[in-house]
Amino acid sequence: TDPNTAVELYFQVGKDSTRDRVMVDLLMEMMYEPLYDQLRTKDQFGYHVSCDCRWTNGVIGMHFQVVTSCKTAQEAEDRLEKFIEEYRKTLVEMKPADFMHHLVALAKQKLDMFNSLKEETNHYWSEIRDGRYQWDVDRQEVLCL
């Protein structure tokens, strides 16, 4: 038997819009490091801990994942939900300078040049595959920030 357990939590935000997409991207950018630090490093809950945004058939969502070999699925789910609830306080108490740091980091990430032709091709093919056809989506999202 496989001792590993994987838990994914997915929260739909709503129908795709640039504003909502940017808000989810920003939230995931802010949450990624604290989530990893708390669950993976401090709690040693799993060997893979992550969060990111997901775009599926025109719907934006937030995706959280834990893969563990030492906890049950219920324990992993409960710990993820607890982290999400506790993170609300972090957001409320966040200093404007810290918020601005995250905002600028996300903007820089979105404005980064492609590192290879493959990366650029994948970016444009995802626009075609998803039916959005927003060739300058990163620029539009930075303007929305």
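Heads up: the structure comes first, above all this text.
Small disclaimer: the values here were computed from a predicted structure and weren't measured. (Residues numbered from 1 in each chain as written. Predicted model: local features only at pLDDT ≥ 70, side-chain atom pairs only at ≥ 80, totals over all residues. Heavy atoms only, no water.)

Undergrad: Help me understand the overall build of the protein, please; the structure alone is not making it clear to me.
TA: Helices and strands together make up the secondary structure of the protein, namely five helices and three strands. The helix and strand sequence of the protein, counted from the amino end, reads β-α-β-β-α-α-α-α. In terms of its C-alpha atoms, the protein occupies a principal-axis envelope of roughly 45 × 40 × 30 Å. Counting across all 145 residues of the protein, residues that qualify as buried make up 32%. The contacts in the protein between residues at least 6 apart in sequence include a share of 68% that link residues at least 24 apart. Within the structure as shown, the protein displays about 9,400 Å² of accessible surface, and the carbon and sulfur contribution to it stands at 52%. Put simply, the protein has 18 plus and 26 minus side-chain charges, and the middle of one group is 2 Å from the middle of the other. (Helix = DSSP H or I, 4+ residues; strand = E, 2+ residues; numbered from the N terminus. Buried < 20%, exposed > 50% of the residue type's maximum accessible area, 1.4 Å probe, protein only. Contact = heavy atoms within 4.5 Å. Areas by Shrake-Rupley, 256 points an atom, 1.4 Å probe, with all protein chains shown as cover. Lys, Arg positive; Asp, Glu negative; His and termini not counted. Charge placed at Lys NZ, Arg CZ, Asp CG, Glu CD.)

Undergrad: I would appreciate a short explanation of the side chain of E127 in the present structure.
TA: With respect to the secondary-structure elements, E127 resides in helix α4 (residues 117-130). Apart from residues lying up to four places away in sequence, E127 is in contact with R132, Y133, Q134, W135 and V137.

Undergrad: I'm lost on the packing of aromatic side chains in this one. Help?
TA: In this description, an aromatic ring pair is defined by two values, namely the gap between the centres and the angle between the planes. Per the stated rule, a full pass over the model turns up six aromatic pairs. Seen from their ring centres, F11 and F64 are 6.0 Å apart, and the 75 degrees between their planes marks the pair as edge-to-face. Placement of F11 in strand β1 (residues 5-15) and of F64 in strand β3 (residues 59-68) is noted, with a sequence separation of 53 residues between them. The exposure class assigned to F11 is partly exposed, which follows from its relative accessible area of 32%. Accessibility expressed as a relative area gives 1% for F64, which makes it buried. With centroids separated by 5.7 Å and ring planes inclined at 25 degrees, the aromatic side chains of F83 and Y87 adopt a geometry described as stacked. (Phe/Tyr/Trp six-rings, centres within 6.5 Å; stacked < 30°, edge-to-face > 60°.)

Undergrad: Is there a simple way to explain the sheet that holds β3 in this structure?
TA: Hydrogen bonding along the main chain pairs the strands of a sheet, whether they run parallel or antiparallel. Pairing is antiparallel across the open sheet formed by three strands, whose spatial order is β1-β3-β2. In this open sheet, the two edge strands, each paired with only one partner strand, are β1 and β2 (48-56). Taking the axes of each pair of neighbouring strands and ignoring which way they run, one obtains an average angle of 15 degrees across the sheet. In this sheet, β3 lies alongside β1 in antiparallel orientation, the contact comprising 10 bridges. Directly across from F11, in β3, lies its bridge partner M62. Contacts from helix α1 (residues 18-42) reach β1, β2 and β3 within the one sheet, and its direction differs from that of β2 by about 165 degrees. (Pairing = 2+ DSSP bridges. Axes fitted to C-alpha atoms, helices over the stretch in contact; angles between N-to-C directions.)

Undergrad: Mind showing me how you'd approach the pairing of β2 here?
TA: On a regular strand, each side chain points to the face opposite its neighbour's, so the side chains alternate between the two faces of the sheet. Here β2 runs beside β3; their pairing, made up of nine bridges, is antiparallel. Each residue of the ladder has a partner; that of H48, found in β3, is V67. Counted along the chain from β2 to the antiparallel partner β3, the turn is two residues long, and its residue N57 has a positive phi close to 50 degrees.

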